[in-house]
Structure formats: C-alpha cells, structure tokens
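# Topology and contacts: notes
In case you want the letters, here they are:
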Amino acid sequence: MKEPIKHSDRLGRDITIDCIVAYSSGNMLEIGKVTKLHPKMVNVIPIGPRGWRVSATNKYPSEMVVLEGADVTMYLLKANLSK
C-alpha cells in the first residue's frame, strides 16, 4: 500500500487537502485552497476576488504558507466589502 503524501509549507506546518494557503502567482500574492497533493507539488485553486487566473495551478510546497481560519475570514470579508 502506498504511503500518504506529506508536504510542509515554508514554516514547517503540514499541508493537507482543503487547507487554505498563501502563494505567489506571477508578481501577486494569492490566497487559495489545496485541492490535491502530488508527490512533488500541490494543486491549488484561488479563492476570493479573482483576477485573470481562475484555474487551478501546481506549486511547490516551499512556495506557500498555510493560513489560519481567522486570517482567511478577514480576507474574504474585506474582499466582499470592497466590491
């Protein structure tokens, strides 16, 4: 049986499916949700206000940071209020 895939973010915290992360996309910082774990990379889809990128992307785990619930809630509330 295969071992489960384990990844750690830039700060050493575990990355799991459905966790919220901050990652770079070009010259912007994006907030996204982890949808799949690959052996070397993590599949992430952006959440919140979207610019030109609305599709999922693969990123290395060392290029992201796991965010806590309160941080994400404030980000989404701030984004919805600015519309």
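Below or above, wherever it landed, is the structure these notes cover. (Residues numbered from 1 in each chain as written. Predicted model: local features only at pLDDT ≥ 70, side-chain atom pairs only at ≥ 80, totals over all residues. Heavy atoms only, no water.)

Let us now look at unusual backbone geometry. Excluding glycine, most residues fall at negative phi; most peptide bonds, likewise, are trans. Backbone geometry at D18 places phi at a positive 75°, although glycine is not the residue there. With respect to the secondary-structure elements, D18 resides in the loop between β2 (14–15) and β3 (20–25). (Helix = DSSP H or I, 4+ residues; strand = E, 2+ residues; numbered from the N terminus.)

Attention now goes to the pattern of salt bridges. On inspection of all chains with the given rule, the structure shows 3 salt bridges. Measuring nitrogen to oxygen at the nearest pair gives 3.5 Å for the salt bridge that ties R13 to D9. The exposure class of R13 is partly exposed, given its relative accessible area of 29%. In this structure, E68 and R13 form a salt bridge, with 3.5 Å as the shortest nitrogen-oxygen distance. Here R13 lies in the loop between β1 (7–8) and β2 and E68 lies in the loop between β7 (64–66) and α1 (69–81), a separation of 55 residues in the sequence. Judged by its relative accessible area of 46%, E68 falls in the partly exposed class. (Salt bridge = Lys/Arg side-chain N within 4 Å of Asp/Glu carboxyl O. Buried < 20%, exposed > 50% of the residue type's maximum accessible area, 1.4 Å probe, protein only.)

A word on the sheet that holds strand β6 (residues 57–59). Pairing is antiparallel across the open sheet formed by 5 strands, whose spatial order is β6-β5-β4-β3-β7. In this open sheet, the two edge strands, each paired with only one partner strand, are β6 and β7. Along the sheet, successive strands turn relative to each other by an average axial angle of 45°, direction set aside. Where strand β5 (residues 42–46) lies against β6, 3 bridges are found, and the strand directions are antiparallel. When the bridges of β6 are listed, V42 appears paired with K59. (Pairing = 2+ DSSP bridges. Axes fitted to C-alpha atoms, helices over the stretch in contact; angles between N-to-C directions.)

Turning to the pairing of strand β4 (residues 28–37), a few remarks are in order. Where β3 and β4 come together, 6 bridges link them in antiparallel fashion. Its bridge partner being in β4, I20 is matched across the sheet by K33. Once β3 ends, the chain turns through 2 residues before running back antiparallel as β4, passing G26 with a positive phi of about 70°. Pairing geometry for β4 and β5, over 5 bridges, is antiparallel. Note on β5: the bridge partner recorded for K36 is N43. Hairpin connection of β4 to β5: 4 residues between the antiparallel strands.

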